[in-house]
Each structure stands twice: as C-alpha cells, then as structure tokens.
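Here is how the chains run, residue by residue.
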Amino acid sequence: MSRLKLCIIAAAVILVDWVTKHLVETKMTLHETIKLPLDIFQITYIRNPGAAFGILPDQRIFFIVAALVAIVGVLYFFDSVVELGKFSFWAAALILGGAVGNLIDRIQVGTVTDFIDFKWFPVFNVADIALTIGVALFLFDQLQFLRSNRVGDTEALAVGSVGITSGSGELNTEVGGEMGGTVCQKIVETEADGAGMLEERAQSSSSDNEAEVVEGGAYPIDGSAELDSPVAKGSEGGNTGTAEQAGQKRAELPTEARLE
C-alpha cells in the first residue's frame, strides 16, 4: 500500500509538471515572458540544457544516468528511507516524481522546459520544485534521525553508568561491610584482651598491696622502685609493724638505701 501511495503521489507530480510544460510550449514562444498581476514572479519560456536552476549545462547523458539512479534508488531503498521519519515518505515521492518529470524532457528533446521566473533567481519548473522540497524533507528527517539516535545513546550510556556505579557501590558496600566487620571484631577482641590484661595487672597489684597491709593502716610498697629496699624485704619476710615504725626504720637507713 505504501508503494502504491508513493507511485500515486509521484504520478501526480509528473502529471502537473507535464501539463504546465505543455501549456508553456504550446501557448508561448521561446524566450517569451508573460507578466503577472502581482509582479511577484513572471512566466518566461526557456529551454534549460543543464540541471535544476541551470546548473551544469550540456550534460545530457550525465543527468539521464543520475535521474535513473535516483529513481531506482528510491524504489529499491524505499522501506529503509521511510523508516527515517514521517517526512521521508513524501520526500521519496517528490524526488521520484521530479526525477521522472525532467527525465522525460531530457530523453525526448535533450533539454528541460523551465518557465517560473522570479527575476532575481534562475528559471525553474514544477519538477525542480518537487526535487528541492523532497531533498529538503529527506535531509530534515535524516538530521532528526541522527539526533534521536545520539540522544538514545547518551541516555543508554547514562543508565549504564548508573548501573555500573550502583554495582560498584554494592560491591564496595559488601567488601567494606566484610572488612569493616572484621576490623571491628579485631578491635573488640584487642580491647577485650587489653582490658583483661589491665584487670589482671590491677588484681595482681591489689594482691601485692593487700599483702603489705600493716596494723594501723595500709602501707603499700611500690612494686617497681622499692621492691629491693630493706623495708620491702622486711615486709616480705614477715616483719610487720605499724606505719610509724616502718617510717622510723626507713629514716634510719642510709641516704643511698632510701633513694634506692
């Protein structure tokens, strides 16, 4: 159905182009100009040996081959062209109709009849209008297609990046959780060991101090600096007394012994 619509639109373009050219060729003489009321443009009958708007004159074979390639290309790649966008169908139909319209002239007489004259622009015909609009629509759809693909790729990349970041975050969370748990466990164990050692030392120190309790009050002996002192040795040997007696005994000692 789409190909049928394509052919119908192209046939309409060919028909309008042929009818207008035929009227100009039969009602006007070559290079004649007809002024129109609004004076926006005028009708000027010329024979164009080149492409649209007088480009590349006297290249008949080249333009015939180019037109045939365009026609075959539109028909063969029609399905792919239409997928580009909503305007591509009309672009294909207009290009097909315009190419066929000018091809008929080139095959018949070797030149193309042009008659639409804006005075400041090269003279052209209906087929040229169809070709120009068709190419413009095709380029517009092509740009829209490329832009949508670029946006789609960007969104896909962004989603992928979020997925990668999320995955990395989960992985880091898992690894960090395991490592953090291990470290915390080690810290707790270390603190427990340290607390146990401190408690053990405290108990040991307390036991030593309790062993030095004498009548009249506790007289703890420093376990590090004074263990070798005669007072400490006396207490270890079972000599007990009051704190006052112990102080007197210590005062009687030589200065070197007290310092020790």
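Everything numeric in this text was worked out from a predicted model, so none of it was measured.

K.L.:
An account of the sheet that holds strand S2 (residues 42-48) is requested, with residue identities and associated values reported.
P.N.:
Strand order in this open sheet of three strands is S1-S2-S3, and the pairing throughout is antiparallel. Edge strands, defined here as strands with exactly one partner in the open sheet, are strand S1 (33-34) and strand S3 (112-117). Two strands pair when backbone bridges link them, and S2 and S3 are joined in this way by five bridges, in the antiparallel orientation. Residue pairing in the sheet places Ile46 in a bridge with Asp114 of S3. Contacting S2 and S3, helix H1 (residues 2-27) runs over the sheet at an angle of about 90° to S3.

K.L.:
If you had to explain the packing of helix H2 (residues 60-76) against helix H4 (residues 88-108) to someone new, which residues and values would you point to?
P.N.:
Two elements in contact, H2 and H4, have axes whose closest approach is 9 Å; the angle formed by their N-to-C orientations is 150°. The pairing of H2 with H4 is recorded here as roughly antiparallel in orientation. The handedness of the crossing between H2 and H4 comes out as left-handed. From H2, Arg60, Phe63, Ile64, Ala67, Leu68, Ile71, Val74 and Leu75 reach across to H4, where they touch Ala92, Ile95, Leu96, Ala99, Val100, Leu103, Arg106 and Ile107. Among the residues making up the contact of H2 with H4, the classes are represented as 14 nonpolar, no polar and two charged.

K.L.:
Explain the nonpolar core to me, and be specific about the residues and the numbers.
P.N.:
Membership of the largest hydrophobic core comes to 15 residues, with the highest contact counts inside it found for Leu6, Val74 and Leu96. Secondary structure elements with two or more residues in this core: H1, H2 and H4. The biggest single contributor to this core is H4, with seven residues. Among all residues touching Leu6, those that are not within four sequence positions of it are Val74, Leu75, Phe78, Phe89, Ala92, Ala93 and Leu96. Among the nonpolar cores identified, the runner-up in size contains eight residues, and Met28, Tyr45, Phe115 and Ile116 belong to it.

Here is what the cut-offs are and how they apply
- Residues numbered from 1 in each chain as written.
- Predicted model: local features only at pLDDT ≥ 70, side-chain atom pairs only at ≥ 80, totals over all residues.
- Heavy atoms only, no water.
- Pairing = 2+ DSSP bridges.
- Helix = DSSP H or I, 4+ residues; strand = E, 2+ residues; numbered from the N terminus.
- Contact = heavy atoms within 4.5 Å.
- Axes fitted to C-alpha atoms, helices over the stretch in contact; angles between N-to-C directions.
- Parallel < 35°, antiparallel > 145°, perpendicular 65-115°, else oblique.
- Left-handed = near helix turned anticlockwise from the far one by under 90°.
- Nonpolar A, V, L, I, M, F, W, Y, C, P; charged D, E, K, R; others polar.
- Core = buried A, V, L, I, M, F, W, Y, C linked by side-chain atoms within 4.5 Å.
- Buried < 20%, exposed > 50% of the residue type's maximum accessible area, 1.4 Å probe, protein only.

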